[in-house]
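Listed here are the chains, written in short residue letters.
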Amino acid sequence: MLKQELIEKNPIRHLKGESDAKESSRMGLVMARAGVGKTALLVQIALDSLLNDKQVVHVSVGQSLDKTKLWYDDMFKDIAEFCKLENAGEIHDSIMHNRMIITFNESKFSRAKLEERLHDLMQQNVIKPSCMVVDGFDFAKTDRAVLEGMRDMASAMNLQIWFSAVCDEEADCQCATGIPSPCKGLEDLFNTIVLLQPVSQSDCIDLKILKGSAAVSKCGKLLKLDTKSFMIRENCK
Amino acid sequence: MKDLSKVRNIGISAHIDSGKTTLTERILFYTQRIHAIHEVRGKDGVGAKMDSMELERERGITICSAATYCDWKDHSINIIDTPGHVDFTIEVERALRVLDGAVLILCSVGGVQSQSITVNRQMTRYRVPRVAFINKCDRTGANPDKVIKQLREKLGLNAVPIQVPMGLEGDMQGLIDLVKMKAVYFDGENGDKIRVEEIPAQYKDECDAKREELLDAVSMFSDELMEAVLEGTPTEEMIMAAIRKGTLALEFSPVMMGSAYKNKGVQLLLDAVNDYLPCPTDVDNFALDLDHDEAEVKVSNLPTDPLLALAFKLEDGRYGQLTYVRTYQGTLKKGDSIVNVRTGKKAKVGRLVRMHSDEMEEIEESGSGDIVALFGIDCASGDTFTRGDYNFSMSSMHVPEPVISLSITPIDNKAQDNMSKALNRFTKEDPTFKTYVDAETMETIISGMGELHLDVYVERMKREYKAEVTVGAPQVAYRETITQRADFNYTHKKQTGGSGQFGRVAGYIEPLEEGEYEFVDQIVGGSVPREYIPSCDKGFQKCLEKGSLVGAHVTGVRCAINDGASHAVDSSDIAFQLAAMGGFKEAYMKAKPVIMEPIMKVAVEGPTEFQGSIMGSLNQRRGMIIGTNEEDAYTVIEAEVPLSEMFGYSTDLRSLTQGKAEFTMEFATYRPVPKSVAEELIAKAQKKDKK
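(A) A look at the overall build of chain B. Check the secondary structure of chain B and you find 16 helices and 39 strands. Counting across all 691 residues of chain B, residues that qualify as buried make up 54%. Long-range pairs, those at least 24 residues apart, make up 71% of the contacts in chain B between residues at least 6 apart in sequence. Carbon and sulfur atoms make up 48% of the accessible area of chain B, which amounts to about 30,500 Å² in all.

(B) Up close: unusual backbone geometry. All names here are of chain B. Despite not being glycine, Lys136 has its phi angle at roughly 60°, a positive value. As for its placement among the helices and strands, Lys136 is situated in the loop between strand E5 (130-135) and helix H5 (144-153). Within the chain, Lys592 stands out as a residue other than glycine whose phi angle is a positive 50°.

(C) Broad picture of helix H6 (residues 144-157) of chain A. All names here are of chain A. Taking 1.5 Å of rise per residue, 14 residues should cover 20 Å, and H6 covers 20 Å from first to last C-alpha, within 8% of that figure. Those residues of H6 lying buried are Leu147, Gly149, Met150, Met153, Ala154 and Met157. Burial along H6 is one-sided: seen end-on, the buried residues are contained in an arc of 155°. For H6, exposure combined with an orientation more than 90 degrees from the buried face picks out Asp152 and Ala156.

(D) Representation of the pairing of strand E30 (residues 479-482) of chain B within the structure. Residues and elements named next belong to chain B. Taking every second residue as pointing to the same face, both faces of E30 are buried, with Arg479 and Thr481 on one and Glu480 and Ile482 on the other. Across two bridges, E30 lies against strand E34 (residues 553-554) in parallel orientation. Within the sheet, the bridge partner assigned to Arg479 lies in E34 and is His553. One ladder, built from four bridges, connects E30 with strand E36 (residues 593-607); its direction is antiparallel. Within E36, the residue paired with Arg479 across the bridge is Met596.

(E) The arrangement of the interface of chain A and chain B in detail. Listed as interface residues are 21 residues of chain A and, on the opposing side, 19 residues of chain B. Between chain A and chain B, a total of about 1,700 Å² is buried, with carbon and sulfur atoms accounting for 51% of that surface. The interface formed by chain A and chain B includes one salt bridge. Between B:Glu640 and A:Lys69 there is a salt bridge, with the nearest N and O atoms lying 3.8 Å from each other. Between chain A and chain B we count four residue pairs in polar contact (both at pLDDT 80 or more) in total. Among the elements of the structure, helix H3 (65-82), helix H4 (88-96), strand E4 (99-104) and helix H5 (111-123) of chain A are those that each provide at least two residues to the side of chain A that touches chain B. Ranked by the residues each element gives to the side of chain A that touches chain B, the list is headed by E4(A), at six residues. Residue composition of the side of chain A that touches chain B, by class: eight nonpolar, five polar and eight charged.

(F) Layout of the sheet that holds strand E13 (residues 295-298) of chain B. Residues and elements named next belong to chain B. The three strands are arranged E13-E12-E24 in an open sheet whose pairing can be described as antiparallel. Looking along the sheet, the strands with just one partner apiece sit at the ends: E13 and strand E24 (392-393). Taken together, the four bridges between strand E12 (residues 286-289) and E13 define a ladder with antiparallel strand orientation. Following the sheet pairing, Leu288 is matched in E13 by Glu296.

(G) Representation of the environment of B:Lys73 within the structure. Residues and elements named next belong to chain B. Residue placement: Lys73 occurs in the loop between strand E2 (67-72) and strand E3 (75-81). Judged by relative accessible area, which is 53%, Lys73 ranks as exposed. Put simply, Lys73 and Asp271 are 198 residues apart on the chain and 8.1 Å apart in space, counted from C-alpha to C-alpha. When near neighbours in sequence (up to four residues on either side) are disregarded, Lys73 contacts Asp271 and Asn274. There is a polar contact of 2.9 Å between the side chain of Lys73 and the side chain of Asp271.

(H) Broad picture of the confidence of the model for chain B. Summary statistics for chain B give a mean pLDDT of 80 and a share of 88% for residues scoring 70 or more. Every residue in residues 45-53 of chain B scores below 50 in pLDDT, and together they form 27 contacts with partners more than four places removed in sequence or on other chains.

(I) Local environment of the packing of aromatic side chains. Enumeration over the complete set of coordinates arrives at 18 aromatic pairs over all chains. Pairing A:Phe139 with A:Phe163 gives two aromatic rings, centres 5.9 Å apart and planes at 75°, and the pair type is edge-to-face. With A:Phe139 in the loop between strand E5 (131-135) and H6 and A:Phe163 in strand E6 (residues 160-166), the pair connects residues that are 24 residues apart, well separated along the chain. When sorted by exposure, A:Phe139 lands in the same class as A:Phe163, which is buried. Summarising the aromatic geometry, the rings of B:Phe519 and B:Phe540 are spaced 6.0 Å apart at their centres and angled 45° between planes, so their arrangement reads as tilted. You can see B:Phe519 sitting in strand E33 (residues 517-521) and its partner B:Phe540 sitting in helix H12 (residues 533-544), a full 21 residues away along the chain. You can call B:Phe519 partly exposed: its relative accessible area is 22%. Residue B:Phe540 is classed as buried on the basis of its relative accessible area, which comes to 0%.

Parameters at a glance
Residues numbered from 1 in each chain as written. Chains lettered and ligands numbered in written order. Predicted model: local features only at pLDDT ≥ 70, side-chain atom pairs only at ≥ 80, totals over all residues. Heavy atoms only, no water. Helix = DSSP H or I, 4+ residues; strand = E, 2+ residues; numbered from the N terminus. Buried < 20%, exposed > 50% of the residue type's maximum accessible area, 1.4 Å probe, protein only. Contact = heavy atoms within 4.5 Å. Areas by Shrake-Rupley, 256 points an atom, 1.4 Å probe, with all protein chains shown as cover. Expected span 1.5 Å × (residues − 1). Arc of directions from axis to C-beta. Pairing = 2+ DSSP bridges. Buried area = accessible area lost by both parts, 1.4 Å probe. Salt bridge = Lys/Arg side-chain N within 4 Å of Asp/Glu carboxyl O. Polar contact = N/O pair within 3.5 Å; in protein donor to acceptor, adjacent residues only side chain to side chain. Nonpolar A, V, L, I, M, F, W, Y, C, P; charged D, E, K, R; others polar. pLDDT = per-residue confidence, 0-100. Phe/Tyr/Trp six-rings, centres within 6.5 Å; stacked < 30°, edge-to-face > 60°.

The structure is reproduced here in structure tokens:
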């Protein structure tokens, strides 16, 4: 399989924002219970941008650099295997040049700091990201203003931002009625919100689109993802 | 046999100029190892005992003197040098392995400086418990509280003072011990007369508050103390036991203060070393089982178990090679025969001595956990000794391949002799330092792990061995490899008088995922006679030594032969070797060879405000920035940069950041060089060939 096909198989192709905001400056949110695969999906989204020759900043709150880097290496390997990608090593080396990881301590993260950091990077011509993923952002402890600030930053920098949020056990029932906590009441800030749910006795993970529509109609609002590579599976039981 | 609980193996670490030398001088004086105090910059012109090496002072790094030994209140304390420079990965690792605990010295004005951060991080990695000593409390601007705050914020230590100074700067009178709640004065010309009194009234409130804080912090480690605190009856012993417990678990760091120069607080620091730092049995040490893929095995520390000892430092003394060893388990006796695990060689322990800075004391045996020196044992630094019954090693046997080399030329005959002596010594001390003579240019080449690494050795050669050498430009160790499969079918024929040569081999070469070289024999039907198959293997291996692109070592190749032909008379070993070589050369260019260069993992640590310019500088050097990590006011930037671009980086970095940033690098991997660079290298190699 070639790089092009790989891009097409990515679940992110099926997600499109609800409002008509510019493709390049929108916010997305991945929700799931602990351990289902938020980081994996975020890395997957980042890899998609990388494969499209775009630059990505990965902001990791509370995780070390090495660990985050491992996520990328592992995910790429899994995807390459899943899709039987040719010359994987070469592609890996070439795209990782466009990725940059910024890690923060839990207590040290602030929007102002991040913005300053990004400005620095752009000024020094180190990287000009078009996509940013923020992993480990604590929604329970932040207020609306911070996210609004992030949204402003996204449109000022022409940036697509994806967040991950941990929701609790009851999320599964809550999602029928609306957006589960801790992000309740914040949904208007995001263009796309998805929920990951493990499916028992299956090798798939359900990706439910809570906000935003699926671009491809036949998939509806539910996508089946491979548990390892997070790519769309067609022959899932 | 000594009581192990009364032995302390400690390191003293400090930033340049925070008074390490002065403090060590005082420690040696109070423990009666020396009988007069000489100041570092004293008028008597003698200079302090530990201050002997020019290079050490210039660069602010520890190079010489391995271990000093002293006695304090029936405890034996071995003080071991902790090198602070991370470029010498192996040496640092060894020094930290030998330590059980450490004293972190900080200047009360300067506070936590960059080197303290680096050393502290390594100690955390090797789980070394530490106590802090805030020195120079007599200096103008002294502020121990600020330093304690930095210890917490910058180093992430749970630092709590166990003393309160009585007066700071010029009028420092003494210290108040918060455990005993007594004021301590240091009388006499050299501060050696200790006077203990009640706490003066003006300090009473401050002390009560600070003691409260201390009890709060340490009662976490002891339920007994917690209860006693609630009932209002904590005893001295309970507090001390709790402090010790917290310190050993690396969850607490007691902070002491004083002024070594003004002879204040040193004795209390020694008490604290005895009271709070671990003895050899308090610490878990691990050996690597070489029979089981270097699996970690806990050592027992029991003197009755089989011997396990680590040689961690070599010194060229007046009486030959002195080897410092630490025993981890078992007993080392005079007259014993011991086995060097690395070489498998047997040696006899002739003389066993305990070092007392200048003189030495002959001893009969040394128990586990002790540090002693051996005479006349031929070994390298980092070797493990056993009695031959174990195949364990105390330090990893894996030595990374050197990635950078320099040519050195002695300026005269005398220097030549000294140079070879020095090289002989250095290669023994440091397994990552290698030397050889280039067969083509007849130059002596030294190779190591980085620019600074080689720099220090060249400098040492000059100073310690008086070997003046001129140094060539650093060379990066490039490699070549192939990226696709290519077939060959080559016939070697020669018939010019005498017996001819004939051999034909056919097969292919292809990239090998892991490993350097593999030979595959797929001959069926005996088209190449059995006896000549090893000849083909040999021929291929000869080709690997020098690739056709830039003459670098070729790696990652699988060579397979699947057909061939021979002649009953003219075929020979050499004919098939030459045929294989011809075949390899035929296929090599078709297999799209590439040049690989060593990539270093670089970590730059500096104040956050310079982050942008640091990243810019790495970017310029073909660096791939992996990410950044914010640690309070400091930021660590990690990147992968080709070694060839890193020459002179330390100078650049210094001017870019006003000397506030530091970097470390280690070898990461080999990666193909970009096309433009490859073309340049090939052009250069061709030019060299023509000459």
